[in-house]
Structure formats: structure tokens, C-alpha cells
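These are the residues of each chain, in order.
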Amino acid sequence: FFFSSRRRHTRSSLVSWARRCVQETDLNLWPKYCQIVYNSMGMVQGYILGKVEGDFNDEKEKNWHAHVSAVTVAPEFRREGVAKRLMDILEKVAIEIHNTYFVDLFVRASNVVAIKMYQALGYVLYRTVKNYYESEGVREDAWDMRKSMPRDIKKECIIPKKERNNTR
């Protein structure tokens, strides 16, 4: 499913899209990584969808990680810490339940507001993925951003492989 943040959406379209995603995507495999946050009035403030990828036992590649597939906050709840709360939930699950090396996410290179938020949360640019996004025939690069979790003691997983190999 695709939910464009560039179009104007009603609250009901956001709610129905979030519920459909949570019900039909990774919820069966990774229920703790699919969360919806409501306010005290029962309004959806935002949601996060994620999953775990890689090989838990591969100590060489250290690729066991949580991946953020989507984070969306309703416009009227932005800049209130909702995205941070959702990311904190996902990171806690990544650490306490799955003991991952890192959390990663992709973000449009042009999305400066989101990039700054992720940087404030401790995420760093791992690599640029050329032409990852496409919208109405226009292609755009993605930033693959990562944050090390406690299992990555030396913080190796946030250093691109080519740089890691040159420092050994």
C-alpha cells in the first residue's frame, strides 16, 4: 500500500489506510513493530510499520536489524513528539525482544524535516540509494539511515562496508 504525504488526506483516509496496512502487511510476522498511537479522544495521531531482517546468528556480517517501513504522523499532531514516541517503541522492541544490531530506514533525500528529526534521534547517513523513490515519473534518491543498538558494541553497523574494510 502507498500513502502519499504529498496529497491532502482526510483523517478517515489516514485511519483506514493505517488499519489496512497494519492488518495486511507485517502484522502477522512482526506485530510489535506495527503500532498505532491514539490521543485521549481516540483520534489516530500516527503509526509505525516495521519488521526484522537479516540473520540473527551471522556475527561476521552483523546484518540482523529492525527496519522502519513507514512512520506517519497526522498533520495536526506533528511537532508534538509523536514520531519520536513511535521510534522509541520500535527501538525498544528491537533491543529487548530481537536483540538487533541496528535499526534502519529509508527517507527521501529532499525530506529535510524528516532527516533532521532522525538525526536528532541518533540516526546517521549510511549510504545513498540512487533513484529509490518514484512519483509521477520523477525519480529521487533515498538516504539509508541507521542507528546502532547496544548489540553493536563497536558501532560498526553504521559505517558503510567499504569504509569498514579499509579500517581493519
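A brief look at the structure comes next.

1. Considerations on helix 2 (residues 82-96)
And then number 1: For helix 2, which comprises 15 residues, the first-to-last C-alpha distance of 21 Å matches the rise-based estimate of 21 Å (1.5 Å per residue) to within 8%.
And then number 2: For helix 2, every residue scored as buried is listed here: Val-82, Ala-83, Leu-86, Met-87, Leu-90, Glu-91, Val-93 and Ala-94.
And then number 3: On its buried face, helix 2 is in contact with strand 1 (35-38), strand 2 (44-53), strand 3 (65-73), strand 4 (102-108), helix 3 (112-120) and strand 6 (138-148).

2. Describing the packing of aromatic side chains
And then number 1: Taken as a whole, this structure holds four aromatic pairs when the rule is applied.
And then number 2: Here the aromatic rings of Phe-56 and Trp-64 are separated by 5.7 Å at their centres, their planes lie at 85°, and the arrangement is edge-to-face.
And then number 3: Seen in terms of ring centroids, Phe-106 and Tyr-132 are 4.7 Å apart; in terms of plane orientation they differ by 75°. Their pairing is edge-to-face. Here Phe-106 is found in strand 4, whereas its partner Tyr-132 is found in strand 5 (residues 124-135), with 26 residues between them in sequence.
And then number 4: Residue Tyr-132 is classed as partly exposed on the basis of its relative accessible area, which comes to 42%.
And then number 5: An aromatic cluster is built from Phe-106, Tyr-132 and Tyr-133, whose rings are joined through pairwise contacts.
And then number 6: Taking the ring centre of Tyr-126 as reference, the NZ or CZ of Arg-146 above it sits at 3.5 Å.
And then number 7: If you follow Arg-151 out to its NZ or CZ, it ends over the ring of Phe-56, 4.4 Å from the centre.

3. Section: the pattern of salt bridges
And then number 1: A complete count under the given rule lists nine salt bridges for this structure.
And then number 2: For the salt bridge of Lys-62 with Glu-156, the shortest nitrogen-to-oxygen distance reads 2.7 Å. Residue Lys-62 is located in the loop between strand 2 and strand 3, and its partner Glu-156 is located in the loop between strand 6 and helix 4 (161-166); the two are separated by 94 residues in the primary sequence. Both residues of the pair, Lys-62 and Glu-156, belong to the buried class.

4. What to know about unusual backbone geometry
And then number 1: Positive phi outside glycine occurs at Asn-131, with the angle close to 55°.
And then number 2: Tracing the chain through its elements places Asn-131 in strand 5.

Reading the values: the criteria
- Residues numbered from 1 in each chain as written.
- Predicted model: local features only at pLDDT ≥ 70, side-chain atom pairs only at ≥ 80, totals over all residues.
- Heavy atoms only, no water.
- Helix = DSSP H or I, 4+ residues; strand = E, 2+ residues; numbered from the N terminus.
- Expected span 1.5 Å × (residues − 1).
- Buried < 20%, exposed > 50% of the residue type's maximum accessible area, 1.4 Å probe, protein only.
- Contact = heavy atoms within 4.5 Å.
- Phe/Tyr/Trp six-rings, centres within 6.5 Å; stacked < 30°, edge-to-face > 60°.
- Lys NZ or Arg CZ within 6 Å of the ring centre and 35° of its normal.
- Salt bridge = Lys/Arg side-chain N within 4 Å of Asp/Glu carboxyl O.

Purely geometric numbers; function is a separate question.
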